[in-house]
Amino acid sequence: DVPRLWLALDGFSQWGLGGADKPCSVRWSEPDQGLDALVERYRLWSAIATVPPRWKPDLFYRGCRVPFPEPTQKIMLPNALLQTACVMRCLSVCSEARRT
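Just so we're clear, the structure is a prediction, and the values are computed from it rather than from any experiment. (Residues numbered from 1 in each chain as written. Predicted model: local features only at pLDDT ≥ 70, side-chain atom pairs only at ≥ 80, totals over all residues. Heavy atoms only, no water.)

### Re the overall build of the protein chain
For the protein chain, the helix and strand inventory stands at 3 helices and 2 strands. For the protein chain, the succession of helices and strands along the chain, N to C, is α-α-β-β-α. For the protein chain, long-range pairs separated by at least 24 residues make up 38% of all intrachain contacts whose partners lie at least 6 apart in sequence. Total accessible area on the protein chain is roughly 8800 Å²; 60% of this is exposed by carbon and sulfur atoms. (Helix = DSSP H or I, 4+ residues; strand = E, 2+ residues; numbered from the N terminus. Contact = heavy atoms within 4.5 Å. Areas by Shrake-Rupley, 256 points an atom, 1.4 Å probe, with all protein chains shown as cover.)

Okay, here's the thing in structure tokens:
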């Protein structure tokens with residue numbers, strides 16, 4: 001029941017964690033709403049490959065974490081990330097070449 005959950009979570013701040021007293025803020029997701037729409041949005045999100053796992057969206061079924069669906073198409077990485085990866089690869093190859 002969304003209205004009851006919204007009421008219970010919006011403004012909640014009694015996390016029981018030292019120093020973690022920020023209140024929870026509940027809002028409708030925009031522009032997408034609903035599980036299917038949000039899964040589609042994030043499974044094709046180009047930044048998903050660049051963020052640490054703890055910042056990636058989690059998906060739960062009956063209270064248990066389940067694997068997030070794989071992208072339905074190839075995700076293009078941002079140009080800056082591709083350039084950084086290329087430089088790192090080149091440095092690695094150069095480093096290996098110097099050792100031999």
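### Regarding unusual backbone geometry
The phi angle at Arg-62 is positive, at roughly 50°, despite the residue not being glycine. Looking at the secondary structure, you find Arg-62 in the loop between strand 1 (59-61) and strand 2 (64-66). Relative accessible area serves as the criterion here: at 74%, Arg-62 is assigned to the exposed category. (Buried < 20%, exposed > 50% of the residue type's maximum accessible area, 1.4 Å probe, protein only.)

### Considering the packing of aromatic side chains
Overall, the coordinates contain 2 aromatic pairs when judged by the stated rule. Summarising the aromatic geometry, the rings of Trp-6 and Trp-28 are spaced 5.2 Å apart at their centres and angled 55° between planes, so their arrangement reads as tilted. Of this pair, Trp-6 sits in helix 1 (residues 2-9) while Trp-28 sits in the loop between helix 1 and helix 2 (35-43), and the two are 22 residues apart along the sequence. On the basis of relative accessibility, which here comes to 24%, the residue Trp-6 falls in the partly exposed class. On the basis of an interplanar angle of 85° and a centroid distance of 4.8 Å, the ring pair of Phe-12 and Trp-15 is categorised as edge-to-face. What makes Trp-15 partly exposed here is its relative accessible area of 39%. (Phe/Tyr/Trp six-rings, centres within 6.5 Å; stacked < 30°, edge-to-face > 60°.)

### Details of the pattern of salt bridges
Taken as a whole, this structure holds 4 salt bridges when the rule is applied. Asp-32 is paired through a salt bridge with Arg-41; the nearest N and O atoms lie 3.7 Å apart. The exposure class of Asp-32 is partly exposed, given its relative accessible area of 22%. Taking the relative accessible area as the measure of exposure, Arg-41 reaches 34% and is therefore partly exposed. For Glu-40, the salt bridge is made with Arg-43, and the minimal N-O distance between the two is 2.5 Å. (Salt bridge = Lys/Arg side-chain N within 4 Å of Asp/Glu carboxyl O.)

### Concerning helix 1
Of all 8 residues in helix 1, 0 are buried; the element is thus mostly exposed. Backbone geometry just downstream of helix 1 places Gly-11 in the positive-phi region, at approximately 90°.

### So, the side chain of Arg-43
Inspection of the secondary structure assignment puts Arg-43 in helix 2. At 2.5 Å, the side chain of Arg-43 forms a polar contact with the side chain of Glu-40. Once residues within four sequence positions are removed from consideration, Arg-43 is found in contact with Phe-68, Pro-69, Glu-70, Pro-71, Thr-72 and Ile-75. (Polar contact = N/O pair within 3.5 Å; in protein donor to acceptor, adjacent residues only side chain to side chain.)

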